[in-house]
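# Commentary on secondary and tertiary structure
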Amino acid sequence: MQQLGRALLNIGRMGPGRADYYLTAVARGEDGAEGYYLARGEEPGRWLGHGAEQLGLHGEVTGPQLRAVLDARHPSTGEKLARHPARKVPGFDHTLRAPKSVSLLWALGDRDTAAEVVAAHDAAVDAAIGYLQRAAGFSRRGAGGAETVPVDGFVAAAFRHRTSRADDPLLHTHVLVANLARTTDDGVWRTLDSRKLYAHAKTAGILYQAHLRHELTVRLGVAWQPVVNGVADIDGVDRQLIETFSQRRNTIVQHMEQRGETSAAAAQTATLATREAKGERVSEAELRDGWFDRATAAGVRPGWHRQLVGNTSWQQPDVAELWQHLVADEGLTQASSSFTRRDVLQQLAGQLPAGAPVEWCERVAEVLLTSDTNLLVALGPTRGNLTQVDVIRRGDGGIIPVDLYERRYTTKGLLLTEQHAINRSLTRTDSQVAVADDSAVARSLRRRTLSNEQEQMVQRLTGSGAGVEVVVGKAGTGKTYALDAAREAWEASGRRVTGVALAARAALELETSAGTRSTTLARLLGQIDDGRNGSPLQPGSVLVVDEAGMVGTRQLARLLDHAEQQAVKVVLVGDPHQLPEIDAGGLFRALATRLPAIELTHNRRQTHGWEQAALDDLRHGDPDVALAAYRQHGRIRTADTAQHLRDRLVEDWWTTARRDLPGSLMIALRRDDVADLNHRARAKMLEAGRLTGPAIVTTNGVQLQAGDRIVCLRNAPRHGVVNGTRATITHVHLHDRT
């Protein structure tokens, strides 16, 4: 649960015998804080959790105590506590990290400031673990663990560490939660339901950050930069200084770049691959001397920390204002059509630059969810189509629901919008709008070679008279080709046909492939809202919405409402399995279920049966099977390093590009990779004499000549191009740089 450079909360499963790693890091110096400041090592761990209290564990963690609880034994008597202890996974390591700017305030501030930062961090750790106890403290029992039961609390040990493995300042705490807890109703010691821990990890991490901001604002008057993905840095700490003290992160990034990787899983792999054994332990006093030297070299002056403190005071957030943004203004359903209590807490914390106590956030979340049933609707437990936040993906690719009974909510406004659109669409099933002449349909069908299901699609669309039609088909089933036949029949019958899509490139593709004059959804809705020149939709005409599954509910409902007012037939074309909606969606899927949808099932684009099956696997959420098929048939190329892989990719591209440059394309995820591949490709083209004449250099440093292939990155209708248009440069005019 960590974005590289934006720490939230990591959970790692502990293997047997891992307790010694944390115990041996503890310094063995003089008693008291001064002893640990001068000694080489970390402060001892401390016990946390209601379960620890039940076992009589308080204060400092000792080796025998920790080893006992991780072995499911009573720390005082040695008595076996659990009938079936967790031998393979005796505990879970929850790592909570302060933002780098906070660690720098601790490292470069005076002793009093550093002490306040540590106290704030500890308080935030306690608060976050307290939330996890309340929200994720459960076990399972019964056949197959079918019954989920609450536990009294965690048996946890917190070990605070001060540095990264590169000895940069990194204030973080490992909270070892034993896989052992006592169920509330019968007092039996059992293992934890780890699904709950993982489900609530992101929320706990965000709440830790909010509580930390609150503590530092109260204690030191620290002001904050904007909250991004749950994390904020201290106002006044610039990015360059943060990078200077992020050697460990830079090592991980370099490793990922060498391998050409970008994902969170790749970051975890890079973290392990670049992890070096910790060298000789250094005292905090020695560390601080080195940090001050590096900071001075970076331009930091003595007393730098004073400009960061005393800048503000904490004010309790306005609950009414939070309610207005999250509920009344539909903030909670901006990107998803439903949400859980976890989502409310995450968004709530994200609205608090100066943070707030965790328990205050929980109370406010309860108020938001229960105080006004006129605006919120409880949907019941999670069922049906699970989203990525509802599941844990295992190493073998399988998914496990985290909580089938977690209650979900939506706003009444979004629910009413969706229901109104569905009801109005149902009433239009017999509107007799945009019915084409039989002779025009017959002529259009004779002019093309269509499959039976495509012919039926054309006949349904042009002859049903329904005001709203839904066409569902996976990629390659010939939806656009069949739409072209329907368009010809409508236009021959005097019916105007207009196309619309979210992206300008998709609209252009619809116009080119289906012969339908098309525009973007945003532009069409803007014309509708403007209204000065009347409606852009002609009464009795047809509106084709391509990739309708990607259109959010609110946008689609507005479009359907206006189409009904204008007596326009709407044809929604898409695939509910393909891509998620850009904003809160679900209306297309609902209409596909409630209306008599037209479905195309035969893949006409891929000719090999194995590839058709692989695409079906991918479409239905089984990428491992799909990728195995591609690998088996030699469609996946690998190399030892990213450099070698890029070399191979460019060689394969050039093999086809020499014969068909417009039809050859390399696709990469990151801009850095795109730039590198383009540089290699241009070298091939220059060597072959395919790039000629004078060259111009764009504002972002890209060199272009006649023969270069380019892609347009913005819409420019007056030049006849849209975002995504690909073209070949034929001439370069140096004088006017065109």
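None of the values given here were measured: they were computed from a predicted structure.

### Section: the confidence of the model for the chain
Mean pLDDT over the chain: 85, with 88% of residues reaching 70 or higher. Note on residues 1-7: pLDDT is under 50 here. Beyond four places in sequence and across chains, it has 24 contacts. Scored below 50 in pLDDT, residues 29-36 makes ten contacts in the model with residues more than four places away or belonging to other chains.

### A look at the packing of helix 20 (residues 521-530) against helix 21 (residues 553-565)
The interhelical angle for the contact between helix 20 and helix 21, taken along N-to-C directions, is 50°, at an axis separation of 11 Å. One finds that helix 20 runs oblique with respect to helix 21. Helix 20 and helix 21 meet at a crossing whose hand is left-handed. The residues of helix 21 that touch helix 20, namely those facing Leu521, Leu524, Leu525, Ile528 and Asp529, are Gln555, Arg558, Leu559 and His562. Residues of the contact of helix 20 with helix 21, tallied by class, amount to five nonpolar, two polar and two charged.

### Overview of empty space enclosed by the protein
This model, assessed by the stated rule, comprises three cavities of 30 Å³ or more. Size it by volume and the largest cavity reaches roughly 70 Å³. Around the largest cavity sit His420, Ala421, Arg424, Ser425, Arg428, Val468, Ala557, Leu560, Asp561 and Glu564, which together line it. Mapped by element, the contributors of at least two residues to the lining of the largest cavity are helix 15 (412-427) and helix 21.

### Some thoughts on helix 7 (residues 194-220)
Each turn of an α-helix holds 3.6 residues, which means side chains three or four residues apart point in the same direction. Spanning 27 residues, helix 7 covers 37 Å between terminal C-alpha atoms, matching the ideal 39 Å at 1.5 Å per step. Its maximal kink placed at alanine 201, helix 7 deviates by approximately 45°. Across the 27 residues that make up helix 7, a large majority, 22, are buried.

### Thoughts on the environment of valine 721
With respect to the helices and strands, the residue valine 721 is situated in the loop between strand 22 (709-711) and strand 23 (726-728). C-alpha separation for the pair valine 721 and arginine 505, spaced 216 residues apart in sequence, amounts to 9.1 Å. Look past the residues within four positions of valine 721 in its chain and what remains in contact with it is Cys712, Asn715 and Ala716.

### Brief notes about the side chain of threonine 462
Here threonine 462 shows up in helix 17 (residues 452-463). The class of threonine 462 is buried, set by a relative accessible area of 2%. Here the side chain of threonine 462 touches valine 458 through a polar contact of 2.7 Å, landing on its backbone oxygen.

### Quick notes on the pattern of salt bridges
Taken as a whole and assessed by the stated rule, the structure comprises 44 salt bridges. Close ionic contact of arginine 160 with glutamate 43 constitutes a salt bridge, the shortest N to O distance being 3.5 Å. Of this pair, arginine 160 sits in strand 6 (residues 156-163) while glutamate 43 sits in the loop between helix 2 (32-38) and strand 2 (46-48); the two residues are 117 residues apart in sequence, bridging distant segments of the chain. By relative accessible area, arginine 160 is classed as buried at 16%. A salt bridge links glutamate 215 to arginine 219; the shortest N-O distance between them is 2.9 Å. With glutamate 215 and arginine 219 both in helix 7, this residue pair falls four residues apart, about one helical turn. Through salt bridges with shared partners, one network takes in Arg447, Arg448, Asp484, Arg487, Glu488 and Glu491.

### Here's the deal with the packing of helix 15 against helix 21
When two helices pack together, their arrangement is captured by the angle between the axes and the distance separating the axes. It is at 10 Å that the axes of helix 15 and helix 21 come closest, and there the two elements cross at 35°. Crossing hand, helix 15 versus helix 21: left-handed. Residues Leu414, Thr417, Glu418, His420, Ala421, Arg424, Ser425 and Thr427 of helix 15 form the contact with helix 21, whose participating residues are Thr553, Arg554, Ala557, Leu560, Asp561 and Glu564. Of the residues in the contact of helix 15 with helix 21, the class split is four nonpolar, five polar and five charged.

### A short note on the environment of leucine 132
Structurally, the position occupied by leucine 132 is in helix 6 (residues 111-136). For leucine 132 and tyrosine 198, which are 66 residues apart along the polypeptide, the C-alpha to C-alpha distance reads 10.0 Å. With sequence-adjacent residues up to four places away left out, leucine 132 is seen in contact with Leu9, His94, Gly137, Phe154, Leu197, His200 and Ala204.

### As for helix 18 (residues 479-492)
Look at helix 18: 20 Å from first C-alpha to last across 14 residues, which is about the 20 Å you get at 1.5 Å a residue. Counting buried positions over the 14 residues of helix 18 gives ten, a clear majority of the element. Buried within helix 18 we find Lys479, Ala482, Leu483, Asp484, Ala485, Ala486, Arg487, Glu488, Ala489 and Trp490.

### Re the environment of arginine 487
Within the fold, arginine 487 resides in helix 18. Spatially, the C-alpha atoms of arginine 487 and glycine 515 are 7.5 Å apart, while their sequence positions differ by 28 residues. Contact partners of arginine 487, with chain neighbours within four places excluded, come to Arg448, Val497, Ala514, Gly515 and Thr516.

### Considerations on the sheet that holds strand 18 (residues 569-574)
Pairing in this open sheet of six strands is parallel, and the strands run 16-15-17-18-14-19 from one edge to the other. For this open sheet the edge positions go to strand 16 (517-520) and strand 19 (598-600), each flanked by a neighbour on one side alone. Here the average twist between neighbouring strands, direction ignored, is 20°. Bridging between strand 14 (residues 468-473) and strand 19 involves three bridges; their strand directions are parallel. Opposite valine 472, over in strand 19, you have glutamate 599 as the bridge partner.

Each value, and the rule that gives it
- Residues numbered from 1 in each chain as written.
- Predicted model: local features only at pLDDT ≥ 70, side-chain atom pairs only at ≥ 80, totals over all residues.
- Heavy atoms only, no water.
- pLDDT = per-residue confidence, 0-100.
- Contact = heavy atoms within 4.5 Å.
- Axes fitted to C-alpha atoms, helices over the stretch in contact; angles between N-to-C directions.
- Helix = DSSP H or I, 4+ residues; strand = E, 2+ residues; numbered from the N terminus.
- Parallel < 35°, antiparallel > 145°, perpendicular 65-115°, else oblique.
- Left-handed = near helix turned anticlockwise from the far one by under 90°.
- Nonpolar A, V, L, I, M, F, W, Y, C, P; charged D, E, K, R; others polar.
- 1 Å grid on protein atoms, 1.4 Å probe; cavity = no way out; pocket = protein on both sides within 12 Å on 5 of 7 lines; lining within 4 Å.
- Points joined across faces, edges and corners; volume = space filled by probe spheres on them.
- Expected span 1.5 Å × (residues − 1).
- Bend = angle between axes of the 7 residues up to and from the residue.
- Buried < 20%, exposed > 50% of the residue type's maximum accessible area, 1.4 Å probe, protein only.
- Polar contact = N/O pair within 3.5 Å; in protein donor to acceptor, adjacent residues only side chain to side chain.
- Salt bridge = Lys/Arg side-chain N within 4 Å of Asp/Glu carboxyl O.
- Pairing = 2+ DSSP bridges.

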